[in-house]
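Structural overview
Take a look at the letters that make up each chain.
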Amino acid sequence: QVQLVESGGGLVQSGGSLRLSCAASRNIFSTYTMGWYRQAPGKQREWVTAITSSGSTNYAESVKGRFTISRDNAKNEMYLQMNNLKPEDTAVYYCKARRGGIPPNYWGQGTQVTVSS
């Protein structure tokens, strides 16, 4: 079992920055792909970015160049640095852990990010 806890959300003006954190209850980064997803009101949850166990990263086109995913293996924490935020980035942000096609996947409870124009 893995518990994931997000933090760092809040209200920020357009063009501002936030850093989200996702704390894992145990060391899983060497075997799990970690990702960030978001869900805006009335919309489906969408993938934002991911970092594999080997450290490879990928980003959705909508956030490429503005968001950066990283992790601290010693702290069992993953981060999402979000710069140049836009109102359309407003959503609840979730972290997820998955191990290839092997269930289960683990989700955090989410943290709200609101970007005002």
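Here is a short report on the structure shown in this document. Please read these numbers as outputs of a predicted model, since none were measured by experiment. (Residues numbered from 1 in each chain as written. Predicted model: local features only at pLDDT ≥ 70, side-chain atom pairs only at ≥ 80, totals over all residues. Heavy atoms only, no water.)

Turning our eyes to something else, we now look at the environment of D89. Relative to the elements of secondary structure, D89 occurs in the loop between β8 (77-82) and β9 (91-99). With relative accessibility at 0%, the residue D89 sits in the buried group. The spacing of D89 and V12 is 77 residues in sequence and 11 Å in space, taken between C-alpha atoms. Among all residues touching D89, those that are not within four sequence positions of it are R38, R66, F67, N84, V113 and V115. (Helix = DSSP H or I, 4+ residues; strand = E, 2+ residues; numbered from the N terminus. Buried < 20%, exposed > 50% of the residue type's maximum accessible area, 1.4 Å probe, protein only. Contact = heavy atoms within 4.5 Å.)

For any pair of aromatic rings, geometry is given as the distance between the ring centres together with the angle between the planes. Applying the stated criterion across every chain yields a total of three aromatic pairs. An angle of 50° between the planes, with centres 6.3 Å apart, marks the rings of Y32 and Y106 as tilted. With Y32 in the loop between β3 (18-24) and β4 (33-39) and Y106 in strand β10 (residues 102-107), the pair connects residues that are 74 residues apart, well separated along the chain. Of the two residues examined, Y32 and Y106, each falls in the buried class. The structure contains a cluster of three or more aromatic residues connected by ring pairs, namely Y37, Y94 and W107. For R45, the ring lying beneath its charged end belongs to Y94, and the centroid distance is 3.7 Å. The residue whose ring lies beneath R45 is W107, and the NZ or CZ to ring-centre distance is 4.6 Å. (Phe/Tyr/Trp six-rings, centres within 6.5 Å; stacked < 30°, edge-to-face > 60°. Lys NZ or Arg CZ within 6 Å of the ring centre and 35° of its normal.)

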